[in-house]
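Chain by chain, the residues run as shown.
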Amino acid sequence: MFPACAVRLRALHILRAPRGGVLPPAGERRAAQKLFSSEKVIHKDRSLPNSSWNSDLKLMFDQFMKKCEDGSWEHLPSYGSRSSQIVQYFKEVFLETKLRKDEQMLSQARLFTRSYEDGLGFEYVMFHNEQEKRTVCFCQGGPYLQGPPGFLHGGSIATIIDETASMTAIIAGGIVMTVNLNINYKRPIPLCSVVVINCQVDKIEGRKLFISCDVRSIDEKTLYSDATSLFIKLDPNKSLT
Ligand SMILES: CCCCCC/C=C\CCCCCCCC(=O)SCCNC(=O)CCNC(=O)[C@H](O)C(C)(C)COP(=O)(O)OP(=O)(O)OC[C@H]1O[C@@H](n2cnc3c(N)ncnc32)[C@H](O)[C@@H]1OP(=O)(O)O
């Protein structure tokens, strides 16, 4: 089931729960109520082409947008109803009241991978194939992500792998966090080149989701990195801190 549906169904269940007898925790009820409120925030979709995208990134974007036409692939916008609902639910259920009250800090918060000016950091777009439980991410790593001169920093590679694996796990399992990420760096990635990160769900065991990834050149000839990761579905009854 898609997380947007799962989150809304769970929220509906929470809102109806008093009739079933047991009252869910107040935090969960507030989050569920908010989900169905009319609050709307307008954001820019950073997964759409901008003038910093090179021809390879535009080409892969166009190719995969075509694949979306028959419904087998889905374009994942950087902001959309699904991710805003999950973020809202996460804040309400898992963010401590103390942190939630620090409005100024929260209003300045940005998703790490989307916090750079166009073209300087991570320029990327993701597509998801529900049947194959697979997500691909096309990423052009900009000049502010340099590690060795002319090449991407290993931490930035880990970041975009984690981001793609996280989306794969969130779509399959709802609200999850990375607990383990193992990466083999096999070849350095030239700055400003476009790579494809391919992530798939290997196994789900209870709250554990096992995701594997590889990072290749877009002609698939060069394997830059491969990785395995473990995600744990968060338990709304356990505090994160
Ligand atoms: C995040 C949702 C927001 C959605 C927003 C969507 C929009 C945009 C997408 C952006 C996505 C960005 C996110 C990128 C990913 C991240 O950066 S996450 C941040 C980094 N990770 C963390 O900080 C996690 C820190 N860890 C924890 O807080 C806790 O471990 C946990 C809360 C995840 C789990 O704790 P708990 O609920 O207490 O579970 P446990 O009982 O400890 O464990 C459950 C089972 O898992 C096994 N396990 C735990 N850790 C590991 C490990 N490292 N390796 C192997 N196994 C592990 C544990 O043994 C338990 O197993 P059994 O049940 O005993 O078999």
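Residues numbered from 1 in each chain as written. Predicted model: local features only at pLDDT ≥ 70, side-chain atom pairs only at ≥ 80, totals over all residues. Heavy atoms only, no water.

Caption draft 1: Highlighting the pattern of salt bridges. In the structure shown here, the tally under the stated rule is nine salt bridges. Asp226 is the salt-bridge partner of Lys186, the closest N and O atoms lying 4.0 Å from each other. Taken together, the residues Lys186 in the loop between strand E4 (176-185) and strand E5 (194-205) and Asp226 in strand E7 (residues 223-233) connect sequence positions 40 residues apart. For Asp226, a relative accessible area of 22% gives the class partly exposed. Between Lys203 and Glu205 there is a salt bridge, with the nearest N and O atoms lying 3.5 Å from each other. Residue class for Lys203 comes out partly exposed when judged on its relative accessible area of 39%. Its relative accessible area of 40% is what places Glu205 among the partly exposed residues. (Salt bridge = Lys/Arg side-chain N within 4 Å of Asp/Glu carboxyl O. Helix = DSSP H or I, 4+ residues; strand = E, 2+ residues; numbered from the N terminus. Buried < 20%, exposed > 50% of the residue type's maximum accessible area, 1.4 Å probe, protein only.)

Caption draft 2: Geometry of the sheet that holds strand E6 (residues 208-217). Pairing in this open sheet of seven strands is antiparallel, and the strands run E1-E2-E3-E5-E6-E7-E4 from one edge to the other. Looking at which strands have only one partner, the edges of the open sheet turn out to be strand E1 (74-76) and E4. Across the sheet, the mean angle separating the axes of adjacent strands is 20 degrees when strand polarity is ignored. As paired elements, E6 and E7 share nine bridges and run antiparallel to each other. Each residue of the ladder has a partner; that of Val215, found in E7, is Ser225. This element, helix H3 (residues 55-67), spans E1, strand E2 (122-129), strand E3 (134-141) and E5 of the sheet and lies at about 160 degrees to E3. (Pairing = 2+ DSSP bridges. Axes fitted to C-alpha atoms, helices over the stretch in contact; angles between N-to-C directions. Contact = heavy atoms within 4.5 Å.)

Caption draft 3: Structural view of the site of the ligand. What surrounds the ligand is a group of 21 residues, the closest being Thr178, Arg207, Lys208, Ile232 and Lys238. Within the backbone of Thr178, an N or O atom sits 2.9 Å from a nitrogen atom of the ligand. At a separation of 2.8 Å, an oxygen atom of the ligand approaches a polar side-chain atom of Lys208. The fraction of the free accessible surface of the ligand (1,300 Å²) that becomes covered by protein chains is 56%. Among the secondary structure elements, those contributing two or more residues to the shell around the ligand are helix H4 (81-94), helix H7 (154-173), E4 and E7. (Near = heavy atom within 4 Å. Polar contact = N/O pair within 3.5 Å; in protein donor to acceptor, adjacent residues only side chain to side chain. Areas by Shrake-Rupley, 256 points an atom, 1.4 Å probe, with all protein chains shown as cover.)

Caption draft 4: Focus on the UniProt feature "domain: Thioesterase" (unreviewed entry) in the protein. Within this structure's numbering, the places UniProt gives as "domain: Thioesterase" (unreviewed entry) are residues 150-222. Taken end to end, residues 150-222 is 27% helix and 44% strand, and its first and last C-alpha atoms sit 17 Å apart. (UniProt positions renumbered as here; feature names shortened; annotations may be inferred.)

Caption draft 5: Spotlight on the pairing of E5. In the sheet, E3 pairs with E5 via seven bridges, with the strands oriented antiparallel. Counted as the bridge partner of Cys137 is Ile197 from E5. With ten bridges connecting them, E5 and E6 associate as antiparallel partners. Bridged to Asn198 within E6 is Asp214. Linking two consecutive strands that pair antiparallel, namely E5 and E6, is a turn of two residues; a positive phi of about 60 degrees is found at Gly206 within it.

Caption draft 6: Representation of the state of the cysteines within the structure. Applying the stated criterion across every chain yields a total of one disulfide. Among the cysteines around Cys139, which has no disulfide bond, Cys137 carries the closest sulfur, lying 5.3 Å off. In this structure Cys192 is a free cysteine whose sulfur lies 11 Å from that of Cys139, the closest cysteine sulfur available. Cys192 sits in the partly exposed class, given a relative accessible area of 36%. (Disulfide = S-S within 2.5 Å.)

Caption draft 7: Main features of the nonpolar core. Core analysis: the largest hydrophobic core is formed by 35 residues, its most contacted members being Cys139, Ile197 and Ile211. Broken down by secondary-structure element, the contributors of at least two residues to this core are H4, E2, E3, H7, E5, E6 and E7. The leading source of residues in this core is H7, at seven residues. Beyond its immediate stretch of four places on either side in the chain, Cys139 contacts Leu57, Phe122, Glu123, Tyr124, Ile160, Ser193, Val194, Val195 and Ile197. Within the second largest apolar cluster, 13 residues are counted, among which are Trp53, Cys68, Val125 and Val194. (Core = buried A, V, L, I, M, F, W, Y, C linked by side-chain atoms within 4.5 Å.)

Caption draft 8: Here's a closer look at the environment of Trp73. With respect to the helices and strands, the residue Trp73 is situated in the loop between H3 and E1. Once the C-alpha coordinates of Trp73 and Val136 are considered, the two residues, 63 residues apart in sequence, prove to be 9.8 Å apart.

Caption draft 9: Local environment of the side chain of Glu163. Along the chain, Glu163 turns up in helix H7. Of the side chains with opposite charge, Arg114 lies nearest to the buried Glu163, which makes no salt bridge, at 6.1 Å. When residues no more than four places from it in sequence are discounted, the contact partners of Glu163 are Leu111, Thr113, Tyr124 and Met126. (Lys, Arg positive; Asp, Glu negative; His and termini not counted.)

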